[in-house]
Amino acid sequence: MARETMTCTDNRTGKSVEYPILEATRGPDAVDIRTFYKDTGLFTYDPGFTSTASCKSKITFIDGGKGELRYRGIPIEELAGKQSYLEVCFLLLYSRLPTEEEARDFDLEIRHRSFVHEGLRNLIESFPSDAHPMAILSSGVSALSSFYYEHLQVESDAEYHEMASRIIAKIPTLAAFAYRHALGIPLIYPDIERSFTENFLYMMRAYPGGKMKITPEGEQKIRQVEIDALDTIFTLHADHEQNASTTIVRGVASTGAHPYVAISAGISALWGRAHGGANESVIAQLEMIGDVKNVPEYIARAKDKNDPFRLMGFGHRVYKNFDPRARILKKLQDQLKEELGLDSKLLRIAQEIERIALSDDYFVSRNLYPNIDFYSGVILYALKIPRSMFTPIFVIGRTVGWITQWIEFKEDPASKIARPRQLYTGA
Ligand code: SDX
């Protein structure tokens, strides 16, 4: 089919140049401007990359207008809570859901790889007890590159699989270690008889020696409803096309550094409250608002241009409709209200914010809807996950997305070192 083109004319000189339009299978097409500077002597200007496709990708598709999210073409509604998080990891890595046998083998492999070198334990214990778990996680993952230095040169599919499985398996252990170090209690090692998500809750909660709490009825079990809720949350966070932290991971991939330091850079980028750190800030904000009657005051502050206050958990660069992940979490919240004993006071404040914001012209005219972080916090709170661990939970879910995007970057012949230019306005 004849390639469509776009003509760009510099009206100062009347000179026109044609650029090919690259067709997408879904969503916006892209005009290929790779020779634009060579042809015109001009740069394009797009801070924040609001109109820029940094790569081609087959992994995740988002339609911001419709509020649609697909992993490898499958709508998130068909995956979250219906496939296990590890089956979704397999889907993202290998572009298809696993057979029953593949799912079992992958699950067992991840369990066996969930242990970390004792040196990492010493690293974690060298942190002050009030260190934020995200600082420990990004350092621990960066340190992992020293224990698996061979992954600097990944060639075969088997090596890609081993490198990806290792980091997916070890992040929950490092996250749980970081949490227990902060509490000053002994670390709990992975229990290979427990599933991925149950094992994380176990490593967070078990008493020294590995026993769960003993009650008059005997040893306390981790309830399936908690495991299922957290597994769904991991799936909803698994990937999200070229978000800020994924862009950083691809940027580090472009210089040829070790894959695990790229993931570490992604963790650091995710930490910011404008990105993954928002889930922690949402709860802090709900607690600060404190009562439903204070909501109008904070809504007014969020609208006030002279006030730096922003409504955490609202707005999104791509979604100009409800974040589909937020819809799923909202439903999950309603299901779990009784079973998990969601904090009704925080929930009421969140619902009042949503009620007012969704009818207020400031938010409606800017297409500001609740995003994933607005709802995840209340559920994590009910799972007795401490607020400092909310963003590490996001890291556990997103690691598979980062490493899949890293692999796609490495396998794309068009990949080049990330080196943007600037509009110089200095002396
Ligand atoms: C995540 O990219 C991803 O995919 C990220 C993520 C993923 O899965 O990887 O989805 C995860 O990071 C979700 C977003 C979590 N962050 C927050 O909830 C923090 C609060 N939200 C905002 O900081 C903001 O909405 C962003 C950062 C999410 C998006 O910023 P944009 O796209 O750069 O939008 P903008 O700052 O240009 O805002 C457009 C307008 C502005 O007003 P005007 O200048 O037009 O008058 O909307 C206003 C903003 O002031 N605005 C808000 C607001 N968010 C945007 N006003 C009040 N409260 C807010 N939350």
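Residues numbered from 1 in each chain as written. Predicted model: local features only at pLDDT ≥ 70, side-chain atom pairs only at ≥ 80, totals over all residues. Heavy atoms only, no water.

Asker: Can you help me understand the pattern of salt bridges in this one?
Answerer: Opposite charge on two side chains permits them to pair, given that their charged atoms come into close proximity. Enumeration according to the criterion identifies 28 salt bridges in this entry. Across the pair aspartate 107 and arginine 111 runs a salt bridge whose closest N-O atoms are separated by 2.4 Å. Here arginine 111 and aspartate 107 lie together in helix α3 (residues 100–112), a separation of four residues that amounts to about one turn. Summarising the burial analysis for this pair, aspartate 107 and arginine 111 share the class buried. (Salt bridge = Lys/Arg side-chain N within 4 Å of Asp/Glu carboxyl O. Helix = DSSP H or I, 4+ residues; strand = E, 2+ residues; numbered from the N terminus. Buried < 20%, exposed > 50% of the residue type's maximum accessible area, 1.4 Å probe, protein only.)

Asker: I would appreciate a short explanation of the sheet that holds strand β4 (residues 60–63) in the present structure.
Answerer: Hydrogen bonds along the backbone pair up the strands of a sheet, which may run parallel or antiparallel. The strand order across the open sheet built from three strands is β4-β5-β6, with neighbouring strands paired in antiparallel fashion. The open sheet has two edge strands with one neighbour each: β4 and β6 (74–75). (Pairing = 2+ DSSP bridges.)

Asker: Got a minute to help me understand the environment of glutamate 4 in this structure?
Answerer: Looking at the element boundaries, glutamate 4 is found in the segment before β1 (5–10). Residue classification places glutamate 4 among the partly exposed residues on the basis of a relative accessible area of 42%. Each C-alpha atom, one on glutamate 4 and one on tyrosine 19, is 8.6 Å from the other, the two residues being 15 residues apart in sequence. Each residue touching glutamate 4, except ones within four places of it in the same chain, is listed here: Tyr19, Pro20 and Ile21. (Contact = heavy atoms within 4.5 Å.)

Asker: What is the right way to read the nonpolar core from this model?
Answerer: Where a protein is soluble and globular, its nonpolar side chains tend to be buried together. Core analysis: the largest hydrophobic core is formed by 122 residues, its most contacted members being Phe200, Ile353 and Ile385. The greatest single-element share of this core, amounting to 13 residues, is contributed by helix α6 (residues 157–183). (Core = buried A, V, L, I, M, F, W, Y, C linked by side-chain atoms within 4.5 Å.)

Asker: What should I look at first to understand the site of the ligand in this one?
Answerer: Surrounding the ligand, one finds 24 residues, the nearest of these being His240, Leu311, His316, Arg325 and Arg398. Interatomic distance of 2.6 Å between a side-chain N/O atom of histidine 240 and an oxygen atom of the ligand. Between asparagine 371 and the ligand, the recorded distance is 3.0 Å, taken from a side-chain N or O atom to an oxygen atom. Protein burial of the ligand: of its 1100 Å² of free accessible surface, 77% is covered by the chains. For the shell around the ligand, the class distribution of residues is nine nonpolar, seven polar and eight charged. (Near = heavy atom within 4 Å. Polar contact = N/O pair within 3.5 Å; in protein donor to acceptor, adjacent residues only side chain to side chain. Areas by Shrake-Rupley, 256 points an atom, 1.4 Å probe, with all protein chains shown as cover. Nonpolar A, V, L, I, M, F, W, Y, C, P; charged D, E, K, R; others polar.)

Asker: When you look at the side chain of lysine 170 in this model, what are you seeing that I'm missing?
Answerer: Here lysine 170 shows up in helix α6. There is a polar contact of 2.6 Å between the side chain of lysine 170 and the backbone oxygen of phenylalanine 115. If sequence neighbours within four positions are ignored, lysine 170 has contacts with Arg113, Ser114, Phe115, Val116, Leu144 and Tyr148.

Asker: Explain unusual backbone geometry here, please?
Answerer: Excluding glycine, residues mostly carry a negative phi; peptide bonds, for their part, are mostly trans. Although it is not a glycine, arginine 72 adopts a positive phi angle of roughly 50 degrees. Relative to the assigned elements, arginine 72 resides in the loop between β5 (68–71) and β6. At serine 95, a residue that is not glycine, the phi angle is positive and equals roughly 65 degrees. Relative to the assigned elements, serine 95 resides in the loop between α2 (85–94) and α3. A relative accessible area of 44% means that serine 95 is categorised as partly exposed.

Asker: Explain the packing of aromatic side chains to me, please; I cannot follow it from the model alone.
Answerer: Aromatic ring pairs are defined here through the distance separating the ring centres and the angle between the ring planes. For the structure on display, the rule yields 17 aromatic pairs. Between tyrosine 160 and tryptophan 406, the ring centres sit 6.5 Å apart and the planes meet at 65 degrees, which makes this aromatic pair edge-to-face. Highlighted residues: tyrosine 160 in helix α6 and tryptophan 406 in helix α17 (residues 390–411), separated in sequence by 246 residues. Grouping residues by exposure puts tyrosine 160 and tryptophan 406 together as buried. Judged by centre distance (5.1 Å) and plane angle (80 degrees), the ring pair of phenylalanine 314 and phenylalanine 374 falls under edge-to-face. Residue phenylalanine 314 is located in the loop between α12 (295–303) and α13 (324–341), and its partner phenylalanine 374 is located in helix α16 (residues 372–382); the two are separated by 60 residues in the primary sequence. Phenylalanine 374 carries the same exposure label as phenylalanine 314, and that label is buried. (Phe/Tyr/Trp six-rings, centres within 6.5 Å; stacked < 30°, edge-to-face > 60°.)

Asker: For this particular structure, what's the right way to read the environment of alanine 257?
Answerer: Turning to its location among the elements, alanine 257 is positioned in the loop between α9 (244–254) and α10 (259–270). Among the residues examined, alanine 257 registers a relative accessible area of 23% and is labelled partly exposed. The spacing of alanine 257 and aspartate 360 is 103 residues in sequence and 47 Å in space, taken between C-alpha atoms. Leave out the neighbours within four places in its chain, and alanine 257 touches Leu152, Val252 and Trp406.

Asker: Just checking my understanding: could you explain a nonpolar patch on the surface for this structure?
Answerer: The grouping of Met6, Val31 and Ile33 at the surface amounts to a nonpolar patch, some 220 Å² of accessible area in total. According to the relative accessible area criterion, isoleucine 33 is partly exposed, its value standing at 35%. (Patch = residues over 30% accessible without salt bridge, like charges linked within 9 Å, V, L, I, M, F, W, Y side chains within 5 Å.)

Asker: Would you mind going over the side chain of threonine 197 with me for this structure?
Answerer: The residue threonine 197 is located in helix α7 (residues 196–205) in this model. At 2.6 Å, the side chain of threonine 197 and the side chain of aspartate 231 are in polar contact. With sequence-adjacent residues up to four places away left out, threonine 197 is seen in contact with Ile227, Leu230, Asp231 and Phe234.

Asker: Even after reading the chapter, I still don't get the packing of helix α8 (residues 224–236) against α13, so can you show me in this structure?
Answerer: Packed helices, taken two at a time, are described by their axes: the angle between them and the distance between them. One can describe the packing of α8 onto α13 by two numbers: an axis separation of 11 Å at closest approach and a directional angle of 170 degrees. The angle between α8 and α13 falls in the class roughly antiparallel. Contacts from Val225, Glu226, Ala229, Thr232, Ile233 and Leu236 of α8 reach α13 at Arg325, Ile328, Leu329, Leu332, Leu336, Glu339 and Leu340. Counted by class, the contact of α8 with α13 contains nine nonpolar, one polar and three charged residues. (Axes fitted to C-alpha atoms, helices over the stretch in contact; angles between N-to-C directions. Parallel < 35°, antiparallel > 145°, perpendicular 65-115°, else oblique.)

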